[in-house]
Amino acid sequence: TQLLEQSPQFLSIQEGENLTVYCNSSSVFSSLQWYRQEPGEGPVLLVTVVTGGEVKKLKRLTFQFGDARKDSSLHITAAQTGDTGLYLCAGDSISGGGADGLTFGKGTHLIIQP
Amino acid sequence: EAGVAQSPRYKIIEKRQSVAFWCNPISGHATLYWYQQILGQGPKLLIQFQNNGVVDDSQLPKDRFSAERLKGVDSTLKIQPAKLEDSAVYLCASSLDRVVYGYTFGSGTRLTVV
């Protein structure tokens, strides 16, 4: 079973601060995705990383995929209250036969205080 | 484009009762997934359909859970009989190309079993 460990579980910071959340596994993933989920809604895709060492930027969000494709990080610069939410990382678990459901971590609950 | 539609949004039932959830994916998305998200955890895959065929149901508790996608479009997930530990949000997702576009999730059905 592939497991994804996310840290920290909870993070509360002031608006304008920077933060990094982590997603680690002992398994190698061919791709990894980050989602953001708000209360009462389903997760929404932020980014997909595929290549080891890849860095992708989405405005103030920077995503990195580890060289060994076992871990990833999400860095937010100058956090805003609108960044509040549950951040989930998910790795593919392609096991053949067309089965390609994602394995999700437990998520990081992020609260940005004004 | 319209998103993934799910109903009902909320359901409260007593243990040992039956319940069914409905999902209408994005038009043209051949792949449909049902996920269970227990409070404080990330989504866990229950079943994956490709058109009207089951690709992966290895994590579906088949003694009480069943799902179908008869015409390759809408899907229903049923629990019979429900247990207290089934209390969770049930998320439906569809995908055109999971690596490129990720999943599109519905808003989910929040089930409370009392």
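Everything below is about the structure printed above this text.
Given the structure is predicted, the values throughout are model-derived calculations rather than measurements. (Residues numbered from 1 in each chain as written. Chains lettered and ligands numbered in written order. Predicted model: local features only at pLDDT ≥ 70, side-chain atom pairs only at ≥ 80, totals over all residues. Heavy atoms only, no water.)

Draft legend 1. Looking closely at the sheet that holds strand β1 (residues 5-7) of chain B. Residues and elements named next belong to chain B. Judged by pairing direction, the sheet is antiparallel, and its 4 strands sit side by side in the order β1-β3-β8-β7 without closing on themselves. Edge positions in the sheet fall to β1 and β7 (65-68), since each of these pairs with one other strand and no more. Sheet twist, expressed as the average angle between the axes of neighbouring strands with direction ignored, equals 15°. The pairing of strand β3 (residues 19-24) with strand β8 (residues 75-79) spans 5 bridges and is classified as antiparallel. Its bridge partner lying in β8, Cys23 is registered against Ser75. (Pairing = 2+ DSSP bridges. Helix = DSSP H or I, 4+ residues; strand = E, 2+ residues; numbered from the N terminus. Axes fitted to C-alpha atoms, helices over the stretch in contact; angles between N-to-C directions.)

Draft legend 2. Seen up close, the state of the cysteines. Residue and element names in this part refer to chain A. In total, this model carries 2 disulfides over all chains according to the counting rule given. Linked covalently through their sulfurs, Cys23 and Cys89 form a disulfide whose S-S length is 2.0 Å. Looking down the S-S bond of the Cys23 and Cys89 bridge, the torsion is 75°, so its handedness is right-handed. Here Cys23 is found in strand β3 (residues 19-24), whereas its partner Cys89 is found in strand β9 (residues 85-92), with 66 residues between them in sequence. (Disulfide = S-S within 2.5 Å.)

Draft legend 3. How the structure looks around the pattern of salt bridges. Scanning all chains against the criterion turns up 5 salt bridges over all chains. Linking Glu38 of chain A and Arg36 of chain A is a salt bridge whose minimum nitrogen-to-oxygen distance equals 3.3 Å. On the basis of relative accessible area, Glu38 of chain A is assigned to the partly exposed category, the value being 41%. The exposure class of Arg36 of chain A is buried, given its relative accessible area of 19%. The partner of Arg64 of chain B in a salt bridge is Asp86 of chain B, and the shortest N-O contact between them spans 2.5 Å. Of the two residues, Arg64 of chain B sits in the loop between β6 (53-56) and β7 while Asp86 of chain B sits in the loop between β8 and β9 (88-95), which places them 22 residues apart along the sequence. Both residues of the pair, Arg64 of chain B and Asp86 of chain B, count as buried. (Salt bridge = Lys/Arg side-chain N within 4 Å of Asp/Glu carboxyl O. Buried < 20%, exposed > 50% of the residue type's maximum accessible area, 1.4 Å probe, protein only.)

Draft legend 4. Spotlight on the interface of chain B and chain A. Contact residues are listed per partner, giving 21 residues for chain B and 24 residues for chain A. Taken together, both faces of the contact between chain B and chain A bury some 1600 Å²; the carbon and sulfur share is 48%. In terms of surface lost to chain A, no three residues of chain B exceed Arg98, Val99 and Phe105 of chain B, which account for 29% of the buried area on that side. Run the count over chain B and chain A and you get 0 salt bridges. There are 7 residue pairs in polar contact (both at pLDDT 80 or more) connecting chain B and chain A. Elements that contribute at least two residues to the side of chain B that touches chain A include exactly β4 (31-37), β5 (44-50), β6 and α1 (98-101) of chain B. Taken together, the residues of the side of chain B that touches chain A sort by class into 10 nonpolar, 8 polar and 3 charged. (Contact = heavy atoms within 4.5 Å. Buried area = accessible area lost by both parts, 1.4 Å probe. Polar contact = N/O pair within 3.5 Å; in protein donor to acceptor, adjacent residues only side chain to side chain. Nonpolar A, V, L, I, M, F, W, Y, C, P; charged D, E, K, R; others polar.)

Draft legend 5. Spotlight on the side chain of Gln37 of chain B. Along the chain, the position of Gln37 of chain B falls in strand β4. With relative accessibility at 8%, the residue Gln37 of chain B sits in the buried group. In terms of polar contacts, Gln37 of chain B uses its side chain to reach the side chain of Gln37 of chain A, at 2.9 Å. In this view, Gln37 of chain B contacts Gln37, Leu86 and Leu88 of chain A together with Gly42, Pro43, Ala88, Val89 and Leu91 of chain B; residues no more than four positions away in its chain are not counted.

Draft legend 6. Structural view of the nonpolar core. Judged by nonpolar contacts, the single largest core of 21 residues is most densely connected at Phe21, Trp34, Leu77, Ile79, Tyr90 and Leu111 of chain B. If you list the elements that add at least two residues to this core, you get β3, β4, β5, β8, β9 and β11 (109-113) of chain B. If we ignore the near neighbours within four places in the chain, the residues touching Phe21 of chain B are Ser7, Pro8, Trp34, Ser75, Thr76, Leu77, Ile79, Tyr90, Thr109 and Leu111 of chain B. Val21, Phe29, Leu61 and Phe63 of chain A belong to the second largest nonpolar core, which has 20 residues in total. (Core = buried A, V, L, I, M, F, W, Y, C linked by side-chain atoms within 4.5 Å.)

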